[in-house]
Amino acid sequence: MHVRIAQEADIEACVRLAEARRALYETFEPRFWKRAAGASELSRLWFAHLFAKAETLALVSETEGQVRGFLIAQPTPSPPVYDPGGRTALIDDFVVEPDLWPIAGRGLLDEARRRLRELGYAQIVVVGARRDEAKTALLEETDLSLASTWWTAAP
């Protein structure tokens, strides 16, 4: 697996991976993770926007020219009542082909952390679904700690 900066040419592969993850996540919690109409096109536009932003770190993991996963880290403000000791990067879009989390997922996370440290970030926050067992297993194998959970229902 090779990790590199994402390019515009990678958008279609990233959308494909994101759509597969959305289908899985919707089975976990059909209200919160319900896919919107036009989600694929919205993702194309969103990824193009993010890949072009200088402050966004967008990486892909590939093998033999095929994108197998991607990670997007963006600066995010910490709540004013907390002080993590510096800037926070939010890793919300972090998707890998299901069986490749130990290799592609680890490579993406390691490279993102290295680059974000070099940029002076003090904290990363990685988003994932509670029932995403493969991604959770990877995150548990690292020195990340579980900091928060969200619960949802109709009002």
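One can find the structure itself at the top, above this paragraph.
Keep in mind the model is a prediction, meaning the values are calculated, not measured.

Basis of the calculations
Numbering of residues starts from 1 in every chain and runs along the sequence as written. Per-residue local features of the predicted model are confined to residues with pLDDT of at least 70, and side-chain atom pairs are confined, for both listing and counting, to 80 or more; whole-chain, interface and lining totals are unaffected and use all residues. Just so you know, side-chain values use all the structure's heavy atoms and leave hydrogens and water out. For this analysis, a nonpolar core means a set of buried residues of the types Ala, Val, Leu, Ile, Met, Phe, Trp, Tyr and Cys, connected via side-chain atoms within 4.5 Å. Three labels apply to residues, based on accessible area from a 1.4 Å probe with only protein chains included: buried if under 20% of the type maximum, exposed if over 50%, partly exposed otherwise in between. For helices the rule is a DSSP run of H or I covering at least 4 residues; for strands it is a run of E covering at least 2, with both sets numbered from the N terminus onward. In this analysis, two residues are considered to be in contact whenever any of their non-hydrogen atoms come within 4.5 Å of each other. At least two DSSP bridges between two strands are required for those strands to pair. Inter-axis angles, ranging from 0 to 180 degrees, are taken between N-to-C directions of lines fitted to C-alpha atoms, where helices are fitted over the stretch in contact. Regarding the arc, it is the one traced by the directions from the helix axis to the C-beta atoms. The term salt bridge refers to a pairing of a side-chain nitrogen on Lys or Arg with a carboxyl oxygen on Asp or Glu at a separation within 4 Å.

Asker: It is not clear to me how the nonpolar core should be interpreted in this structure. Could you clarify?
Answerer: Across soluble globular proteins, you tend to see nonpolar side chains buried next to one another. Judged by nonpolar contacts, the single largest core of 19 residues is most densely connected at Leu71, Ala73, Ile91, Phe94, Val96 and Leu116. Elements supplying a minimum of two residues to this core: strand E2 (57-63), strand E3 (66-76), strand E4 (87-96), helix H3 (101-118), strand E5 (121-126) and helix H4 (133-141). Sequence-distant contacts of Ala73, that is, excluding residues within four places in its chain, are made with Glu55, Thr56, Leu57, Ala89, Leu90, Ile91 and Leu116.

Asker: Can you help me understand unusual backbone geometry in this one?
Answerer: A positive phi angle, close to 50°, is found at Glu64, a residue other than glycine. Along the polypeptide, Glu64 turns up in the loop between E2 and E3.

Asker: What is the right way to read the sheet that holds strand E1 (residues 2-5) from this model?
Answerer: One key point about sheets: their strands pair by backbone hydrogen bonds, in either a parallel or an antiparallel sense. The strand order across the open sheet built from 5 strands is E1-E2-E3-E4-E5, with neighbouring strands paired in mixed fashion. Strands at the two margins of the open sheet, each flanked by one partner only, are E1 and E5. Adjacent strand axes in the sheet meet at a mean angle of 25°, parallel and antiparallel pairs treated alike. Of the strand pairs in this sheet, E1 and E2 are connected by 4 bridges, and their pairing is antiparallel. When the sheet's bridge partners are listed, His2 is paired in E2 with Glu62. Strands E1, E2, E3, E4 and E5 of the sheet are contacted by H3, whose axis makes an angle of about 160° with E4.

Asker: Looking at this model, I keep getting lost on H4. Mind explaining?
Answerer: Among the residues making up H4, those that are buried are Lys135, Leu138 and Leu139. The buried residues of H4 occupy an angular sector of 95° when projected down its axis, which confines them to one face. Across from the buried face of H4, at angles greater than 90 degrees, the exposed residues are Glu133, Glu140 and Glu141. Those residues of H4 that are buried are in contact with helix H1 (11-28), E4, H3 and E5.

Asker: Looking at this model, I keep getting lost on the pattern of salt bridges. Mind explaining?
Answerer: When charged atoms on two side chains of opposite charge get close, those side chains can pair. Per the stated rule, a full pass over the model turns up 14 salt bridges. Arg44 is the partner of Glu41 in a salt bridge, and the nearest nitrogen-oxygen pair spans 3.5 Å. Taken as a pair, Glu41 and Arg44 lie in helix H2 (residues 39-52) at a separation of 3 residues, close to a single helical turn. Where Glu111 meets Arg114, a salt bridge forms, and the shortest distance between an N and an O atom there is 2.6 Å. On the criterion of helical spacing, the pair formed by Glu111 and Arg114 is a turn pair, its members being 3 residues apart in helix H3.

Asker: In this structure, what is going on with the pairing of E3? I would like to understand it.
Answerer: One face of the sheet, then the other: side chains in a regular strand alternate in exactly this way. In this structure, E2 lies alongside E3, joined through 7 bridges in antiparallel fashion. Counterpart to Ala58 in the pairing with E3 is Ile72. If you look at the hairpin formed by E2 and E3, you'll find 2 residues sitting between the two strands, and Glu64 has a positive phi there, around 50°. Judged from the 8 bridges that link them, E3 and E4 form a sheet pairing that is antiparallel. Residue pairing in the sheet places Leu71 in a bridge with Phe94 of E4.

Geometric values such as these leave the question of function open.
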